[in-house]
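Residue-level structural notes
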Amino acid sequence: MPVPDVDRYKPDDRRLVEALYRRVFGTDAADASRLRWDWQYRRNPNNPGGEPEIWIAREGPAIVGQYATMPVKLAVKGHEVKGSWAWT
């Protein structure tokens, strides 16, 4: 059984990621996700570079999985550090 390749999300992946989300979670969940996606991942004030912190699993040209994290700033012992929240 082949092992999927894993790499960073690229802007061209968005349509395929949305289709995967719709297949797995249904149309209503996909619509709700699309409404918050832009802020949560691309325009998040804790992500000044604008590149989503999303990992994509690919089998050939197909996207078979994704793992997204949301950039945050954390205070650790009085110092601000970059972090990411992830949930499953």
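Heads up: the structure comes first, above all this text.
Residues numbered from 1 in each chain as written. Predicted model: local features only at pLDDT ≥ 70, side-chain atom pairs only at ≥ 80, totals over all residues. Heavy atoms only, no water.

**A short note on helix H1 (residues 14–25)**
- Along its twelve residues, H1 runs 16 Å from first to last C-alpha, staying within 8% of the 16 Å computed at 1.5 Å per residue.
- Directly after H1, the chain includes Gly-26, whose backbone phi takes a positive value near 100°. (Helix = DSSP H or I, 4+ residues; strand = E, 2+ residues; numbered from the N terminus. Expected span 1.5 Å × (residues − 1).)

**Points about the packing of aromatic side chains**
- Throughout the structure, instances matching the rule amount to three aromatic pairs.
- Each ring, one from Tyr-9 and one from Trp-37, has its centre 5.7 Å from the other, and the planes form 50°; the classification is tilted. You can see Tyr-9 sitting in the loop between strand S1 (5–8) and H1 and its partner Trp-37 sitting in helix H2 (residues 27–42), a full 28 residues away along the chain. No difference in accessibility class separates Tyr-9 from Trp-37, as the two residues are buried.
- Among the aromatic side chains, those forming a connected cluster through ring pairs are Tyr-9, Trp-37 and Tyr-41.
- Note that Arg-8 overlies the ring of Trp-55, its terminal NZ or CZ placed 5.3 Å from the centroid. (Phe/Tyr/Trp six-rings, centres within 6.5 Å; stacked < 30°, edge-to-face > 60°. Buried < 20%, exposed > 50% of the residue type's maximum accessible area, 1.4 Å probe, protein only. Lys NZ or Arg CZ within 6 Å of the ring centre and 35° of its normal.)

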